[in-house]
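Remarks on the overall topology
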Amino acid sequence: MTDPVIRISDMNKWFGTFHVLRDINLQVAAGEKIVICGPSGSGKSTLIRCLNRLEQHQEGIIEVEGVSLDGSSKNLESIRSNVGMVFQQFNLFPHMSVLENCTLAPIWVKQKTKQEAEALARQFLERVRIPDQADKYPGQLSGGQQQRVAIARALCMNPDIMLFDEPTSALDPEMIKEVLDVMVELAEDGMTMLCVTHEMGFARQVADRVIFMDEGEIVEENEPEAFFSNPQNERTKMFLSQVLSH
Amino acid sequence: MQVLVLAAVLGAMVWLVGNVQSNLERQNINSGFGFLSERAGFGINQTLIAYTEDDSFGRVVVVGLLNTLLVSGLGIFFATLLGFSLGVARLSRNWLISKIAMVYIEIFRNVPLLLQIMFWYFGVLRNLPSPRQALSVGDAMFMSNRGIVLPWLEAGAGAMWYGVALLGLAAGFFWLRRRTLKAKLTTGHSTRFWRPLLVLALALFGAAALMAGVPFALDVPQLKGFNFRGGLTVIPEFVALLLALSLYTAAFIAEIVRAGINSVNKGQREAAAALGLPERVALRLVVLPQALRVIIPPLTSQYLNLTKNSSLAVAIAYPDIVSVLAGTTLSQVGQALEIIFVTMMIYLSLSLLTSWAMNRYNQRMAFVGNNT
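Keep in mind that what you see is a predicted model, and the values were worked out from it rather than measured.

All names here are of chain B. With respect to the secondary-structure elements, Tyr121 resides in helix H4 (residues 113-124). Since its relative accessible area comes to 6%, Tyr121 is described here as buried. Placed 117 residues apart in sequence, Tyr121 and Phe238 show a C-alpha to C-alpha distance of 9.2 Å. Setting aside anything within four residues of it in sequence, one finds Tyr121 in contact with Arg126, Pro236, Glu237, Ala240 and Ile316. For Tyr121, the side chain forms a polar contact with the side chain of Glu237, separated by 2.7 Å.

As structure tokens, this is what we get:
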């Protein structure tokens with residue numbers, strides 16, 4: 001195994017007095033796909049939000065590509081431009097066209113010219129299969145299309161790592177597949193991915209490791225086959241029986 | 001049915017107008033707008049255009065309107081500046097700054113405006129010492145109960161060249177701004193903005209000085225007898241009204257700005273941060289454009305309120321349109337109907353003009369499509 005691109009050791013985080021993340025230890029290798037699941041309130045979203053410091057941890061070390069997230073704004077800048085994130089609520093900028101959403105960061109962070117940024121954006125919009133929506137506004141698209149724009153927007157920064165925070169939870173059932181298909185393709189291209197999701201089919205298909213969290217702890221982690229067929233921990237068994245029973 | 005209602009309304013209006021006319025005739029009251037060309041015969045203590053007692057009532061209207069526009073325009077400018085700063089300060093993570101802004105807002109928006117005007121006028125400005133004991137700043141600016149006297153530049157022949165230079169500088173500012181953005185988008189790199197602007201300013205004013213020399217004389221006010229001569233005198237009525245209107249309206253604007261910024265979904269800032277956008281860029285390109293969409297309609301109301309509230313000038317005899325037209329002119333001419341009508345029409349046109357401009361701006365900011 002090469003050097004891990006993400007290294008979390010003995011990390012703790014509190015919201016006020018509430019202990020959200022307890023003694024988290026996790027290493028992710030380049031190209032690895034991790035699926036994080038667990039009941040709501042278990043800290044899984046908070047965990048991946050700590051990786052680009054949308055949340056600040058209080059104890060322990062988080063290193064992304066060898067750069068420590070220690071509050072230095074220079075480190076943070078370099079990490080954020082290498083780590084893409086996709087949100088449950090899409091969070092597209094409603095006052096900008098799809099193309100402008102995708103070119104904003106390349107122009108203002110990576111100092112690309114408008115022409116370069118637009119060419120790049122069109123290439124990624126092609127890849128998420130909505131090249132003909134470039135001049136529309138987010139409000140004119142369906143939820144599934146919006147989420148694919150959000151993925152393209154993140155990819156335009158050429159990130160090494162992609163974080164997905166329940167990307168399909170806000171979608172109507174018939175739109176989930178179109179988003180998952182894009183994510184599967186991305187996984188096949190070798191992107192390092194950390195994905196919080198309840199889509200167990202997706203976990204089986206692409207994950208190298210599945211992590212189960214409960215009450216702020218990593219309770220169990222395993223390869224998907226073993227994780228689903230032979231869970232070790234009681235809490236994992238209970239969770240899986242609830243998620244898989246219907 | 002609708003035709004009948006319309007006919008009834010029109011009929012009532014015809015009857016009303018006829019009734020008023022016959023009543024006025026019976027009481028020997030003049031009607032019509034002939035008075036506008038008659039000699040006014042009274043003085044006004046602040047006039048932006050030349051005016052003497054021998055000018056007509058028509059000119060009184062213009063003088064009053066300009067005074068209203070002056071105090072409203074400056075009031076809107078200062079209230080907006082202060083209001084936006086307070087609104088942002090109210091959201092500051094710094095406890096002290098946020099609390100100071102809160103205390104300011106609660107005080108100024110909860111005391112009636114009329115009282116605030118009277119406070120500044122009777123409580124502060126009229127209580128300043130007489131001109132002989134005036135408070136002075138460096139013997140150039142004086143504050144007394146007759147107003148504030150400032151040194152002023154007396155423009156001689158050739159001052160026009162400086163005006164041209166100023167216009168050139170304004171044009172240069174916008175041209176440079178466009179050029180900078182264009183360069184950013186085509187080469188990817190930011191170019192200098194302030195230094196070329198400074199060079200341009202020096203060049204333009206240098207050229208003006210070559211053409212015309214220095215045609216300005218500094219006119220410093222001096223105490224002569226019981227009052228000051230020279231300089232620019234700002235009457236206390238104007239200062240009191242401007243202060244009260246700006247400080248009062250700023251408190252409301254601050255709350256509007258705070259609500260506007262808060263209305264932008266937290267996810268928008270997070271998405272911008274996750275893309276690596278620096279906070280200032282995110283504020284300018286992501287948060288503010290969306291906040292403005294929420295801010296502009298109530299901000300427009302505040303602008304209209306301020307303009308209409310400037311009519312409280314009458315309480316301290318600042319010569320605004322209400323004071324000189326619906327006050328002095330009305331008492332001299334006695335044609336209440338026409339005069340009140342003209343005054344109302346002036347406010348209505350001002351307000352409609354403001355709304356129209358702000359609505360056009362708002363349309364440019366609107367989102368396309370469905371947004372929840």
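More follows now that the structure is in view.
Quick look at the sheet that holds strand S4 (residues 59-64) of chain A now. Taken together, the 4 strands give an open sheet; going across it, the order is S2-S1-S4-S5 (chain A), and neighbouring strands pair in antiparallel fashion. Each edge of the open sheet is held by one strand with a lone partner, namely strand S2 (18-29) and strand S5 (67-68) of chain A.

Residues and elements named next belong to chain A. What the rule picks out here adds up to 21 salt bridges over all chains. Two residues, Lys44 and Glu166, come together in a salt bridge whose shortest N-O distance is 4.0 Å. With Lys44 in helix H1 (residues 44-50) and Glu166 in the loop between strand S7 (161-165) and helix H6 (173-188), the pair connects residues that are 122 residues apart, well separated along the chain. In this structure Lys44 comes out as buried when scored by relative accessible area, which is 4%. Under the relative-accessibility criterion, Glu166 is labelled buried at 13%. For the salt bridge of Arg209 with Glu221, the shortest nitrogen-to-oxygen distance reads 2.6 Å. Of this pair, Arg209 sits in strand S9 (residues 209-214) while Glu221 sits in strand S10 (residues 217-222), placing them 12 residues apart in sequence.

This paragraph deals with unusual backbone geometry. Residues and elements named next belong to chain A. One non-glycine residue, Phe90, adopts positive backbone phi at about 65°. The topology assignment puts Phe90 in the loop between strand S6 (83-86) and helix H3 (98-108). With a phi angle near 45°, Glu166 is a residue other than glycine that sits in the positive phi range.

This next bit is on the confidence of the model for chain B. For chain B, the average pLDDT comes to 89, and 99% of its residues sit at 70 or higher. For this predicted complex, the interface score ipTM comes out at 0.92, alongside a pTM of 0.79.

Enumeration over the complete set of coordinates arrives at 15 aromatic pairs over all chains. Pairing Phe212(A) with Phe239(A) gives two aromatic rings, centres 5.1 Å apart and planes at 45°, and the pair type is tilted. Of this pair, Phe212(A) sits in strand S9 while Phe239(A) sits in helix H9 (residues 234-244); the two residues are 27 residues apart in sequence, bridging distant segments of the chain. For Phe212(A), a relative accessible area of 1% corresponds to the buried category. For Phe239(A), a relative accessible area of 8% corresponds to the buried category. Site record: aromatic cluster; members linked through ring pairs are Phe173(B), Phe174(B), Phe193(B) and Trp194(B). The ring of Phe228(A) is capped by Arg204(A), whose NZ or CZ atom sits 4.5 Å from the centre of that ring. Here the guanidinium or amino end of Lys184(B) rests over the ring plane of Trp108(A), the centre of that ring lying 5.1 Å away.

So, on to the interface of chain A and chain B. Each partner contributes residues to the interface: chain A has 29 residues there, and chain B has 29 residues. Of all residues in chain A, Pro94(A), His95(A) and Trp108(A) bury the most surface against chain B, accounting for 25% of the area lost on that side. There are 1 salt bridge connecting chain A and chain B. In this structure, Arg49(A) engages Glu270(B) in a salt bridge whose closest nitrogen and oxygen atoms are separated by 2.7 Å. Taken together, the links from chain A to chain B amount to 7 residue pairs in polar contact (both at pLDDT 80 or more). Counting only elements with at least two residues in the side of chain A that touches chain B, the list comes to S6, H3, helix H4 (114-127) and helix H5 (143-155) of chain A.

Cut-offs and rules
- Residues numbered from 1 in each chain as written.
- Chains lettered and ligands numbered in written order.
- Predicted model: local features only at pLDDT ≥ 70, side-chain atom pairs only at ≥ 80, totals over all residues.
- Heavy atoms only, no water.
- Helix = DSSP H or I, 4+ residues; strand = E, 2+ residues; numbered from the N terminus.
- Buried < 20%, exposed > 50% of the residue type's maximum accessible area, 1.4 Å probe, protein only.
- Contact = heavy atoms within 4.5 Å.
- Polar contact = N/O pair within 3.5 Å; in protein donor to acceptor, adjacent residues only side chain to side chain.
- Pairing = 2+ DSSP bridges.
- Salt bridge = Lys/Arg side-chain N within 4 Å of Asp/Glu carboxyl O.
- pLDDT = per-residue confidence, 0-100.
- Phe/Tyr/Trp six-rings, centres within 6.5 Å; stacked < 30°, edge-to-face > 60°.
- Lys NZ or Arg CZ within 6 Å of the ring centre and 35° of its normal.
- Buried area = accessible area lost by both parts, 1.4 Å probe.

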